[in-house]
Amino acid sequence: MAKLIAVVCGAGINTSTIAEDQIREKVEREGLRDVEVKRILYPDIERFIGMMTVVVSMTKIFRTDLGAPTVQGMPFLIGTKEEKEALLDKIIQMVKAA
Amino acid sequence: MLQFNESLVALDIEAVEAKAVIDLLAERLHAQGLVSADYGAQTWARELQHPTGLPTKPFCIAFPHADAQGVNQSALAVASLKHAVRFKNMGDPDEDLDVLLVFMLANRDPEEQIATLRNLALLFGQPEKLIALQSRSTSREALTWLRRELRLGEDGKGAAELRKGGSLGA
């Protein structure tokens, strides 16, 4: 089954796109196959429980039953180049380990 | 193409609260027909539900926006504030941030503005760039500086430049 990196944000149009773009580019650079990167609105997250490999959250997530490890995606928006790259590496490691 | 011109840059404005800044920028966008009359109200409603304050350094910024509805043409409007106003932190809505710069990106389609979003994220991560923007003394200067940072070009010429150098962290 394909792995899913879910980028979750509040009502997202701009914020999650920024993260999705960087993650998708990294996935391509790493040559990973069968990895999907998808923007998901927080209110819709219920439908994706059980399908997500890693959750990248651009907002505060108040629940712990997502069935996937969650990382805070804020550095994609405001981090330095190094912080962005470090977070990308961490996400890729999590996907590979899953 | 992203609309961004001198009237969409408001420097050193005196606002006492976040809503006033959002209203001012939305009015400027509406005056040029870029967004609907209620875009400010829409954006404020969204801000209350999903705040957009960002804990950047050396001072905080905000990135308010609403859904694509109400946007006729994608556009950017920017304000610098004489005194900080409070926005809630996007990453933690319980936290107040003192914001000095506001970027309102009225976006019709995020895919279309992907390069601009990418360049904004680069800017947000560099304290010296935020200081540089804040220290511009005229709207004209701030506009020219930001258009260059965001690789917007003068008349759409920016696109080719973007394909060459717009990628993040590559």
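Notes on the structure follow. (Residues numbered from 1 in each chain as written. Chains lettered and ligands numbered in written order. Predicted model: local features only at pLDDT ≥ 70, side-chain atom pairs only at ≥ 80, totals over all residues. Heavy atoms only, no water.)

1. Quick notes on the nonpolar core
Grouped together as the largest cluster of nonpolar side chains are 60 residues, with contacts concentrated most on B:Phe103 and B:Phe124. The element that contributes the greatest number of residues to this core is strand E5 (residues 92–106) of chain B, accounting for 9 residues. Core analysis: the second largest hydrophobic core is formed by 18 residues, A:Val7, A:Ala19, A:Val56 and A:Val95 among them. (Core = buried A, V, L, I, M, F, W, Y, C linked by side-chain atoms within 4.5 Å. Buried < 20%, exposed > 50% of the residue type's maximum accessible area, 1.4 Å probe, protein only. Helix = DSSP H or I, 4+ residues; strand = E, 2+ residues; numbered from the N terminus.)

2. Some remarks on the interface of chain B and chain A
With 29 residues of chain B at the interface, the matching set in chain A holds 27 residues. With both chains or domains summed, chain B and chain A bury close to 2,300 Å², and 61% of this area falls on carbon and sulfur atoms. A salt bridge links A:Asp21 to B:Arg118; the nearest nitrogen and oxygen atoms lie 2.7 Å apart. If you look at where chain B meets chain A, you find 6 residue pairs in polar contact (both at pLDDT 80 or more). The leading source of residues in the side of chain B that touches chain A is helix H3 (residues 114–124) of chain B, at 6 residues. Considering only residue class, the side of chain B that touches chain A consists of 15 nonpolar, 9 polar and 5 charged. (Contact = heavy atoms within 4.5 Å. Buried area = accessible area lost by both parts, 1.4 Å probe. Salt bridge = Lys/Arg side-chain N within 4 Å of Asp/Glu carboxyl O. Polar contact = N/O pair within 3.5 Å; in protein donor to acceptor, adjacent residues only side chain to side chain. Nonpolar A, V, L, I, M, F, W, Y, C, P; charged D, E, K, R; others polar.)

3. Details of the side chain of B:Asn89
Along the polypeptide, B:Asn89 turns up in strand E4 (residues 75–89). Exposure remark for B:Asn89: the relative accessible area of 5% places this residue in the buried category. Among the polar contacts made by the side chain of B:Asn89, one reaches the main-chain amide nitrogen of B:Gly91 at a distance of 2.9 Å. If we ignore the near neighbours within four places in the chain, the residues touching B:Asn89 are A:Met74, B:Pro51, B:Gly53, B:Pro55, B:Glu95 and B:Leu97.

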